[in-house]
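# Residue-level structural notes
Spelled out from the first residue to the last, the chains are:
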Amino acid sequence: MNIVSILFLALAMSADAFAAAIGKGAMLHRPRLLEALRTGLIFGVIEAITPLVGWSLGRVAADYITAWDHWIAFSILSILGIRMIWSGLTPEGEVVEKPRSHSFMLLAMTALGTSIDAMSVGVSLAFLDVDIVPVAFAIGIVTCIMVSAGVMLGRVLGSASKHTVEIIGGLILLGIGSLILYKHLYGAG
């Protein structure tokens, strides 16, 4: 693969993480650049690891992995999305301030859900005899940058109420999960 192909692939792999990061940033109370970089780093590392895992597994059991990757991504993102929507629809007795950061586990689970497609790309690249290390590195770096920018963009959009932001963020995660499932089931895009 040439550098242009690798960068295009990295941008495509980071698009859903970028959308999720906007929602994560909007849910926070004025996230700082350091929080955006932390979130970007968590997403970037996970997004870089999943194609390596996919590539390794692709060498062993490609049919099994590609048969289930979209269901795994859909399930993780749906659970997180429904949780966010439920939280947004549940009235609170008292006004609670937005958090200043998200837990590592919440960010890691969201990152994993948005990176399952990168694992299937890794499986595909195993059959093309592509050097996976530079591809995974590029995916990780581009995702880190895109997610950091998404969190900061979410900061701008974060003036909406906490409930509205949680509902929109949950709908975004459900939409991403549904799109991943649709693409795999119907061979779109």
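Residues numbered from 1 in each chain as written. Predicted model: local features only at pLDDT ≥ 70, side-chain atom pairs only at ≥ 80, totals over all residues. Heavy atoms only, no water.

## Examining a nonpolar patch on the surface
Our working definition: Patch rule: a residue counts if its relative accessible area is over 30% and it has no salt bridge; like charges are joined within 9 Å, and nonpolar side chains (Val, Leu, Ile, Met, Phe, Trp, Tyr) within 5 Å. A 1.4 Å probe and the Shrake-Rupley method give the accessible areas. Residues count as covered only by the protein chains that appear here. A side-chain nitrogen of Lys or Arg and a carboxyl oxygen of Asp or Glu constitute a salt bridge if their distance falls within 4 Å. A helix here means a DSSP run of H or I that spans at least four residues, while a strand means a run of E at least two residues long, and both kinds are numbered starting from the N terminus.
Where nonpolar side chains cluster on the molecular surface, the patch consists of Trp68, Trp71, Ile72, Leu179, Tyr182, Leu185 and Tyr186 and spans about 760 Å² of accessible area. Elements that contribute at least two residues to the nonpolar patch include exactly helix 2 (33-89) and helix 5 (162-186). Per-element tally for the nonpolar patch: the top contributor is helix 5, with four residues. Within the fold, Ile72 resides in helix 2.

## So, helix 1 (residues 3-27)
What counts here: To estimate how far a helix should extend, the number of its residues minus one is multiplied by 1.5 Å. The term bend refers to the angle at a residue between two fitted axes, each drawn through seven residues, those ending there and those starting there.
Look at helix 1: 35 Å from first C-alpha to last across 25 residues, which is about the 36 Å you get at 1.5 Å a residue. At Ala15, helix 1 shows its maximal bend, which comes to roughly 35°.

## Let's talk about the nonpolar core
Generally speaking, nonpolar side chains in soluble globular proteins are found buried as a group. To keep it simple, the criterion reads: Take the buried Ala, Val, Leu, Ile, Met, Phe, Trp, Tyr and Cys residues and link them wherever side-chain atoms come within 4.5 Å; each set so joined is a nonpolar core. Under the scheme applied here, a residue whose accessible area is under 20% of the maximum for its type counts as buried, over 50% as exposed, and between as partly exposed, the area being computed with a 1.4 Å probe on protein chains only. For this analysis, residues touch if any pair of their heavy atoms sits within 4.5 Å.
Core analysis: the largest hydrophobic core is formed by 13 residues, its most contacted members being Leu9, Ala10, Met13, Val121, Leu125, Val135 and Ile139. Of all the secondary-structure elements, those providing two or more residues to this core are helix 1, helix 3 (104-127) and helix 4 (132-157). Every residue in contact with Ile139, bar those within four places of it in the chain, is listed here: Leu9, Ala10, Met13, Glu47 and Pro51. Formed by eleven residues, the second largest nonpolar core is a distinct cluster that contains Ala36, Leu107, Ala108 and Val151.

## Looking at the environment of Ala15
By the element assignment, Ala15 lies in helix 1. Through-space distance from the C-alpha of Ala15 to that of Thr114 is 9.0 Å; in sequence the pair is 99 residues apart.

## Some remarks on the packing of aromatic side chains
Two descriptors summarise a pair of aromatic rings, namely the distance from one centre to the other and the angle between the planes of the rings. Put simply, the rule is: Here is the rule: rings of Phe, Tyr and Trp (six-membered ring for Trp) pair when centre to centre is within 6.5 Å. Planes less than 30 degrees apart are stacked, more than 60 are edge-to-face, and the remainder are tilted.
Tallied over the entire structure, the rule returns one aromatic pair. Taking 5.1 Å as the distance between ring centres and 40° as the angle between the ring planes, the aromatic pair formed by Tyr182 and Tyr186 counts as tilted. Pair noted here: Tyr182 and Tyr186 are both in helix 5, with a separation of four residues, about one helical turn. Of the residues examined, Tyr186 reaches a relative accessible area of 60% and is grouped as exposed.

## Side note on the environment of Leu185
By the element assignment, Leu185 lies in helix 5. Between the C-alpha atom of Leu185 and that of Ala67, which follows or precedes it by 118 residues, the distance is 9.7 Å. Each residue touching Leu185, except ones within four places of it in the same chain, is listed here: His70 and Trp71.

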